[in-house]
Amino acid sequence: MKYSRIGLARNRAQYGFTPAPSLIITLLMLMATRFSLSRSAHFCLKTPAFSRPTTKNLLQCRSCPLWSSSFALCLHTLPKSTLPSPHHRRKTIAVRSFCPAPGSISDHPTKMSTATSDDNPLLKDFYFPPFDSIEAKHVRPGIRALLKQVDEDLEALEKTVEPTWPKLVEPLEKIVDRLTVVWGAVNHLKSVKDNPDLRAAIEEVQPEKVAFSLKLGQSKPIYNAFKAIRESPDWESLSDARKRIVDSQIKEAVLSGIALEDDKREQFNKIEQELAKLSQKFEENVLDATKKFEKLITDKKDIEGLPATSLGLAAQTAVSKGHEKATAEDGPWIITLDAPSYMAVMQHAKNRTLREEVYRAYINRASDGDLDNTGIIDQILKLRLEKAKLLGYNNYAEVSMAMKMATVDKAEELLEKLRSASWDPAVKDLEDLKEFCKSQGAPEADDLNHWDITFWSERLRESNCNFFSTSFVNINEELRPYFSLPRVMDGLFSLVNMLFGINVEPADGLAPVWNNDVRFYRVNDSSGSPIAYFYFDPYSRPSEKRGGAWMDEVVSRSRVLSLDGASARLPVAHMVCNQMPPVGDKPSLMTFREVETVFHEFGHALQHMLTKQDEGLVAGIRGVEWDAVELPSQFMENWCYHSHLLITHFLDGCCRDTLMGIAKHHETGESLPEDIYKKLLTARTFRAGTLSLRQLRFATVDLELHAKYVPGGSESVYCVDRRVSKRTQVLPPLPEDKFLCSFSHIFAGGYAAGYYSYKWAEVLSADAFSAFEDAGLENEKAVKETGHRFRETVLALGGGKAPLEVFVQFRGREPSPEPLLRHNGLLSASASA
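What comes next is a walk through the structure. (Residues numbered from 1 in each chain as written. Predicted model: local features only at pLDDT ≥ 70, side-chain atom pairs only at ≥ 80, totals over all residues. Heavy atoms only, no water.)

## Things to note about the nonpolar core
Next up, step 1: Counting 135 residues, the largest nonpolar core has Phe 534, Phe 602 and Trp 639 as its most contacted members.
Next up, step 2: The element contributing the most residues to this core is helix H17 (residues 485-500), with 10 residues.
Next up, step 3: Of the residues that make up this core, three or more belong to each of domain 1 (119-258) and domain 3 (377-399 + 408-435 + 623-641 + 687-828).
Next up, step 4: Apart from the residues lying within four places of it in its own chain, the contact partners of Phe 534 are Phe 493, Val 504, Arg 519, Phe 520, Tyr 521, Val 523, Ala 573, Met 575, Phe 602 and Met 609.
Next up, step 5: One finds Phe 126, Ile 175, Ala 507 and Val 518 within the second-largest nonpolar core, a separate group that totals 66 residues. (Core = buried A, V, L, I, M, F, W, Y, C linked by side-chain atoms within 4.5 Å. Buried < 20%, exposed > 50% of the residue type's maximum accessible area, 1.4 Å probe, protein only. Helix = DSSP H or I, 4+ residues; strand = E, 2+ residues; numbered from the N terminus. Domains from an automatic or database assignment. Contact = heavy atoms within 4.5 Å.)

Right under this line is the structure:
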């Protein structure tokens, strides 16, 4: 998630997860969760994975959906004649839901009534969500009919419940999964194909859905049945996964208010309803504020320095806004606050006035007028504190940590250790930047401001790495031609084939999709049998798609929801990114950061898809503590830097052939030159102290607001941010900086009192990767053996075992921060600190 989400800083969006409710309530209430938020994160085919859509097609498909939790089916159990060929064109199949052969799922455990489903795709039986046919008009009647049905199922369960697995957990999982599928599909569409009608429909039914989620999580008969299992003489004979489910349900039920007196529980439920509304409104304001800003540029001098790819995107945006004759060469161009456009300006625009205007607009999104999130932030923090007090905690941070690996003290201890190691290097980063600006004769050398930092950092990076020292094309732009999306995906799939013994193949047409750019894939084991599926939506569509990058589940692996009564239901995931779309006849050319993002999100997807856990409530990413869930994603990022080492040493076999395919010039086929690769490695630790402090600012202000801030007190939230920034930013933020108004991670996502999780998980992931370094990256056999061990522990066990136990099982010891500091070039600073 660098989430992503869930993220990134990462938007990852990427999960909208609330730690307090039970696992079941969490799955229901926060189906809109996504991995990775602030940064888009990171990825054995011989055929190109992506076609090249024309500009015309891209503009027509400016809409798209996002997060869904839907039924995944073991399609390999169906008669082959019923399955469409993956080579069929998507146009001919994706217009309808894929239906099973007659009688193939007559005993489907979660089959819905068809009494009111004649014209509502949400109420029909389907394998994969009918993303192509769900509309806003279906949401109100569909969700209400579904809620009525699951409510009846819950009441029936409460009357018959017994403290046994078949009489408690299995029927409970079916109820949860049924709602997860439909509500997840609707929320996915809201994130990738946003429109006013869909928003209004979701907003209207959300209170009813939240009310049912609370009713389920506060069910005394179910709670008592779980306690009876915990206290039974058969407890010790249960598997680790089942013990985790029972323990989590009991603990989380208490956090859901089940132990409160009637009047206090009613107050708790009102708080939960209001928080859900406020979080949704916060995210909508951010999206609307991002879309609202448009800067029309007609004079080419004003955008001097922007690379051709960015000019093409700006012209393409102008065409979509009615400037039909716009071209990359002659304009006009439209700059937006969407990530690809914003970052292009901050990194490359020579026009300092333009950089300042765009920067100020970005840090003040959703901070004024009808879209002002300030009041919403105050109300969210006030309600979260009230909720914590009701539950008997001192603050909301304690509530959040109750279901995480860390404690508030441990999280603060880690953040301070990393801050100490990062501060002096960050101070030197700024000094170096000032000296470089002076050497270049820059008029702003003695007055560097925030809109100058990224721009001059890129120039300094170019100079240090000898990248076109006389031009303004930065390392990322120089690398773009070597990282076309099709080759990156081919290389990613080859890598996971080598590490984990799986094969990924296109399955377009097998499942309906929400946009023509979305690809669908099948994951096979070494014998060729399907073990998972996933969607991939790569391109930015700012008019309808939220920013950032994230992964989330569509459906989870589950024994209870088996379609054939024998094998477990297969997991399905989706990955969403926001990189630059193809321009003209060129494929999507990626920055190295975008390559990392794809690898990152695929790491999340791997944990979801390669799980061997059959207990659906803790399979894949379910039940994994929030501060451990970034381990696989950040782990995968490391291979973006080390895959070339494998190429260098593995002179024979698939390793060399497939990984060489990651970095080849999209026109000439030339491989990435060795000297450029070495400069890329050097750039990995470039300004590492500054980048570390940036993340530490976010994490620290998050903990301050949820552990120490008093809503309505003498300090405003902006005062807290400025106080934190004194210790985490060498260059203080602008007095008018209101980035908190767009900090969706903690106010609309799942990172409230949890943003530290990125750094916590970085420690885990860096140490996990160091196991491959210890084995020897030049030793193919050792790498494969270590990859197999990683798959059988971190990826296979899911939430069925405590994350510390899983890590120790893989690594042979508890985690150490030393590999992270070493990878970031901060180890010596840490030692001196």
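Let us keep going from here.
## As for the packing of aromatic side chains
Next up, step 1: In this structure the tally under the stated criterion is 37 aromatic pairs.
Next up, step 2: Between Phe 635 and Phe 772, the aromatic rings sit 5.4 Å apart at their centres with planes inclined by 45°, giving tilted as the arrangement. In this pair, Phe 635 sits in helix H19 (residues 631-637) while Phe 772 sits in helix H26 (residues 757-775), placing the two residues 137 residues apart along the sequence.
Next up, step 3: For Phe 635, a relative accessible area of 0% corresponds to the buried category.
Next up, step 4: According to the relative accessible area criterion, Phe 772 is buried, its value standing at 0%.
Next up, step 5: Three or more aromatic residues joined by ring pairs make a cluster, and in this case those are Phe 500, Phe 635, Trp 639, Phe 769, Phe 772, Phe 790 and Phe 810.
Next up, step 6: One Lys or Arg, Arg 355, reaches over the ring of Phe 455 and ends 4.2 Å from the middle of that ring. (Phe/Tyr/Trp six-rings, centres within 6.5 Å; stacked < 30°, edge-to-face > 60°. Lys NZ or Arg CZ within 6 Å of the ring centre and 35° of its normal.)

## Some thoughts on the pattern of salt bridges
Next up, step 1: Per the stated rule, a full pass over the model turns up 63 salt bridges.
Next up, step 2: Where Arg 230 meets Asp 247, a salt bridge forms, and the shortest distance between an N and an O atom there is 3.0 Å. With Arg 230 in helix H6 (residues 220-231) and Asp 247 in helix H7 (residues 240-255), the pair connects residues that are 17 residues apart, well separated along the chain.
Next up, step 3: By relative accessible area, Arg 230 is classed as partly exposed at 35%.
Next up, step 4: Taking the shortest distance from any N to any O, the salt bridge between Glu 272 and Lys 387 comes out at 2.9 Å. On the criterion of sequence distance, the pair formed by Glu 272 in helix H8 (residues 262-292) and Lys 387 in helix H12 (residues 374-390) is long-range, its members being 115 residues apart. Like Glu 272, the residue Lys 387 is buried in the burial classification.
Next up, step 5: Several salt bridges converge on common partners, so that one network encompasses Glu 412, Glu 704, Lys 708, Glu 715 and Arg 723. (Salt bridge = Lys/Arg side-chain N within 4 Å of Asp/Glu carboxyl O.)

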